[in-house]
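Fold and geometry: a report
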Amino acid sequence: MSCHVSLTIPARASRAAKASQSQDACLCLVGGAPQLGGWDPKRSPQLTQKPGSGCWEGTVDVVNEEFKFCVYNPTSHDYVWEEQGPLHRLPAAGQRLEAFFEDGGKDVKGAAAAAAGAYGAAKVQPKAAPKAVPEEPTTGGSETGGGCRVDATRSPRAAEAARQPGAVCALVGEVPQLGGWDPKKAWKFKQKKIEEGAILWEGSFTEAKVPVGQQFKYCILHEASNTYVWEEAGPMHSWPLFDEIQDFEAGAPPPGHGGHGGHGGHGGHLSWPPSSAKPKRPEADAARMLGAGTERRIPWTGAPCASRVKAPRSIFHAFHWPFGLVLERLQDIAELGFDAVQISPAQKSKHGHEWWARYQPQDYGKIEGLGSWEELKQLCTKTRELKLRVIGDVVFNHMLVVGSCHEWRHAQKDPGKLKELQQRLVQQTPMQLEDFQWPWLEMSGDNWDNENRYEGWGSGEWSELRYCPRVVQMQQQHLQLLLDAGVSGIRFDAVKHLRPKHLEEHLRHLRTSDEGLFAYGEVLSLDETMHKEYMALGCPSSDFPLTVFMTRALSEGLKAVEEGVTGACARAAKTSGLKGAVQFPSSALSSDSVRFARNHDGAAKHGKTWITDGDESQSLLRPGWWLRHSGSAMGLAFVAA
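Residues numbered from 1 in each chain as written. Predicted model: local features only at pLDDT ≥ 70, side-chain atom pairs only at ≥ 80, totals over all residues. Heavy atoms only, no water.

Attention now moves to the overall build of the protein chain. Secondary structure assignment for the protein chain yields 15 helices and 32 strands. Per-residue burial for the protein chain yields a buried fraction of 55% across its 641 residues. Considering only residue pairs separated by 6 or more positions, the protein chain has 68% of its internal contacts joining residues 24 or more positions apart. Within the structure as shown, the protein chain displays about 26900 Å² of accessible surface, and the carbon and sulfur contribution to it stands at 51%. (Helix = DSSP H or I, 4+ residues; strand = E, 2+ residues; numbered from the N terminus. Buried < 20%, exposed > 50% of the residue type's maximum accessible area, 1.4 Å probe, protein only. Contact = heavy atoms within 4.5 Å. Areas by Shrake-Rupley, 256 points an atom, 1.4 Å probe, with all protein chains shown as cover.)

Right, here's the structure in full:
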């Protein structure tokens, strides 16, 4: 069963009208039904814009369901939701709906075959607005200590909506406790206090029984007027272990911060120094960990990979922190015992406040986004005074996303579309067309780990760079910018997608400039053979096998310990459908491999992954064990803090 929908965006809806004019804009019909994406615009049906007009139309394979319109841009990841008016309702099968953005009361239904302007049916009567929910008492403050702060300067529309009687702050996410992306069904903060320049919503995180680390967004909801104000800037929030105060649109910088990432760019409010509170665990769970108090030695030592360079023992991952914020906290980091700080990618990247935008390079010749080159140099100067090293993160496999996988697939059969997408690449980067990998190949499924991992476009949309002299030269110019600023360590992101010869050229350049520089690569794999391809170059890797093993050991006790790392990796590969791992390690990769509790690929995504499927308390336990052994341990800032 299907119906036809057309939408007009009036001029007064200026934000939506402007967003819809982008060539990448999608007009989504989003609702609670699975066919409408379950309140996720990325999964919802989309309309097509009529050429030369502001009207959108299309056929939808669902009828008689309530929904909202959302203008979604998959390239910039911007969302513009309807924030006024009643919900729209799709007509019966074979009928047509003529809808108006943020004005569902003017919607008109009629026969699908009717001529424009003669749809015949009377207006859809808006549903009676629900009675306003009485304000709950707000005196005395919250005893739980949890809540969300809405800064009126940074998020004026959210602050205005929050002041309405009956408004609530919904915590919306994928799991049922968070409404399955439906704000009306989500966990809510209802008490609020008006502070100077801000509104503080108060409530409890711990009472909601939501898994720690679950990602979510805030939405200010006023049901009486059908107003929804979603967070549109900043990364997703992660459900905390303890009650805390978080910030609405946390990743959006307050005025005067020079476009930096606010409080570290992560979902939670950053307290400093890190809390000394210990996780509260039920006694039964504590007894289960490593076999009810039984001690078992787990050897994980070995020879170093880069024997001429001393690896840092403990790395503080200042994940998505502006350089100025790292500098501000540097003394504390040193006093906590860290001997290195890893920063997020420093180059000019795709526009956006989300953490993943840093991993979509736009121009290797510019230091921009987290701070200037001068600010990075100032940070490095201070770290040398404190006898710390700064580790820069470089993304050399690909550049920014300019089109979705769907667009690239379509372009393989449409030369005009292919030319359009290729033109976007050369317009948005300083690269030439031949610097990218052609023909386009979707890297998904087995291609992540087989011979296609060098040439494939990640998820069908990463703009894959080709291994050629010009690309190597531009990337080494970026490395030199980091070295000249005083960076004394390098992490190579997604290094398993670089040919070993490509990495070898960069390592040679680094060692010529600084023999004592520490460099390691992210080899996101459990396959020992793949790790050793890069270790043979004297480049240690991030120790994913050890993380998987320790997660299972702490979760399942002695049985997992006895199976060893080989058994843990084999089980993880089998249960998660991982392919391509032909040899699982049985002992240490190397004593200078970088061990981590959680990394950005695990901690910053929905739910659990094969990388880190343990709970938050395990993320705090694992580094403690590693620091008692040889090797490097890295703490992720938005977990450690």
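This next bit is on the nonpolar core. Counting 58 residues, the largest nonpolar core has Leu376, Ile490 and Phe492 as the members making the most contacts within it. At six residues, helix H8 (residues 469-485) tops the list of elements feeding residues into this core. Residues contacting Phe492, with those up to four places away along its chain left out, are Val394, Phe396, Leu503, His506, Leu507, Leu510, Ala519, Tyr520, Gly521 and Glu522. In this structure, Val5, Leu27, Leu29 and Trp56 belong to the second largest nonpolar core, which totals 25 residues. (Core = buried A, V, L, I, M, F, W, Y, C linked by side-chain atoms within 4.5 Å.)

The next point concerns the confidence of the model for the protein chain. In this model, the protein chain carries a mean pLDDT of 79, and residues with pLDDT of at least 70 account for 77%. Every residue in residues 113-144 is under pLDDT 50, and counting partners more than four places away or in other chains gives 46 contacts. Scored below 50 in pLDDT, residues 603-612 makes 41 contacts in the model with residues more than four places away or belonging to other chains. (pLDDT = per-residue confidence, 0-100.)

For Gln246, the location among the structural elements is in strand E19 (residues 245-247). Given a relative accessible area of 0%, Gln246 falls into the buried group. At a separation of 3.4 Å, a polar atom in the side chain of Gln246 contacts the side chain of His237. (Polar contact = N/O pair within 3.5 Å; in protein donor to acceptor, adjacent residues only side chain to side chain.)

A few words now on the side chain of Gln422. Note on placement: Gln422 falls in helix H7 (residues 415-428). The residues touching Gln422, leaving out its near neighbours within four places in the chain, are Trp408, Leu433 and Trp438.

Tallied over the entire structure, the rule returns 23 salt bridges. Lys193 serves as the salt-bridge partner of Glu202, at 3.5 Å between the closest nitrogen and oxygen. You can call Glu202 buried: its relative accessible area is 7%. Linking Arg499 and Glu455 is a salt bridge whose minimum nitrogen-to-oxygen distance equals 2.6 Å. Here Arg499 is found in the loop between strand E29 (489-492) and helix H9 (500-513), whereas its partner Glu455 is found in the loop between strand E26 (442-443) and strand E27 (457-458), with 44 residues between them in sequence. A residue is classified by how much of its surface remains accessible, and Arg499, at 34% relative accessible area, is partly exposed. (Salt bridge = Lys/Arg side-chain N within 4 Å of Asp/Glu carboxyl O.)

Turning next to the sheet that holds strand E14 (residues 191-195). Across the sheet, four strands lie side by side as E14-E15-E11-E19; this open sheet has mixed pairing. Edge positions in the sheet fall to E14 and E19, since each has one partner strand and no second. Looking at each pair of strands side by side, their axes are set apart by 25 degrees on average, direction ignored. Looking at chain direction, strand E11 (residues 146-151) and E19 are connected through three bridges and run parallel. Counted as the bridge partner of Gly147 is Ile245 from E19. (Pairing = 2+ DSSP bridges. Axes fitted to C-alpha atoms, helices over the stretch in contact; angles between N-to-C directions.)

Another point: the packing of aromatic side chains. Considering all chains together, one arrives at 18 aromatic pairs under this definition. Aromatic pair Trp81 and Trp230: ring centres 5.0 Å apart, planes at 15 degrees, arrangement stacked. Here the residue Trp81 occupies a position in strand E6 (residues 78-81), and Trp230 occupies one in strand E17 (residues 227-230), the gap between them amounting to 149 residues. Across the pair, exposure class does not vary: Trp81 and Trp230 are buried alike. Members of the aromatic cluster, joined through ring pairs, are Phe189, Phe205, Phe216, Tyr218 and Trp239. (Phe/Tyr/Trp six-rings, centres within 6.5 Å; stacked < 30°, edge-to-face > 60°.)

Here the focus is the pairing of strand E4 (residues 55-60). Note that strand E1 (residues 3-8) and E4 share six bridges and pair antiparallel. Looking across to E4, one finds that Ser6 is bridged to Glu57.

Under the counting rule described, the total for this entry stands at zero disulfides. Among the cysteines around Cys28, which has no disulfide bond, Cys26 carries the closest sulfur, lying 5.6 Å off. Judged by relative accessible area, which is 0%, Cys28 ranks as buried. (Disulfide = S-S within 2.5 Å.)

With that settled, the discussion passes to the environment of Ser586. When you line up the elements, Ser586 lands in the loop between helix H12 (558-576) and strand E31 (594-596). Between the C-alpha atoms of Ser586 and Gly567, which are 19 residues apart in sequence, the distance is 8.7 Å. Ignoring sequence-local partners within four residues, the contact set of Ser586 consists of Val565 and Thr566.

What follows deals with helix H4 (residues 323-335). In this model, H4 (13 residues) spans 19 Å end to end at C-alpha, consistent with the 18 Å of a helix rising 1.5 Å per residue. Of all the bends in H4, the largest measures some 50 degrees and sits at Arg329. Turning to H4, its buried residues number three or more, namely Phe323, Leu325, Val326, Arg329, Leu330 and Ile333. Contacts made by the buried residues of H4 are with strand E20 (314-318), strand E21 (340-343), strand E23 (361-367) and helix H5 (373-385). Gly337 lies just past H4 and shows a positive phi near 105 degrees. (Expected span 1.5 Å × (residues − 1). Bend = angle between axes of the 7 residues up to and from the residue.)

A few words on unusual backbone geometry. In this structure, the amide linkage connecting Trp438 to the following residue, Pro439, adopts the cis form with an omega of 0 degrees. Inspection of the secondary structure puts Pro439 in the loop between H7 and E26. In this structure, Lys209 is a non-glycine residue whose phi angle is positive, near 55 degrees. For Lys209, the location among the structural elements is in the loop between strand E15 (198-203) and strand E16 (215-222).

H5 packs onto H4 with a crossing angle of 20 degrees between their chain directions and a minimal axis gap of 9 Å. As the angle between them shows, H4 and H5 are arranged roughly parallel. Between H4 and H5 the crossing geometry is left-handed. Taking contact as the criterion, the partners of Phe323, Val326, Leu327 and Leu330 in H4 are, on H5, Glu375, Leu376, Gln378, Leu379, Lys382 and Thr383. Residue composition of the contact of H4 with H5, by class: six nonpolar, two polar and two charged. (Parallel < 35°, antiparallel > 145°, perpendicular 65-115°, else oblique. Left-handed = near helix turned anticlockwise from the far one by under 90°. Nonpolar A, V, L, I, M, F, W, Y, C, P; charged D, E, K, R; others polar.)

Bringing the packing of H5 against H8 into the picture now. At their nearest, the axes of H5 and H8 sit 8 Å apart, and the two run at 45 degrees to each other. In terms of axis orientation, H5 runs oblique to H8. Only Leu481, Leu482, Asp484 and Ala485 of H8 make contact with H5, whose side of the interface consists of Trp373, Leu376, Lys377 and Cys380. Class assignment for the residues of the contact of H5 with H8 results in six nonpolar, no polar and two charged.

As a further point, take the pairing of E14. Judged from the five bridges that link them, E14 and E15 form a sheet pairing that is antiparallel. Directly across from Lys192, in E15, lies its bridge partner Trp201.

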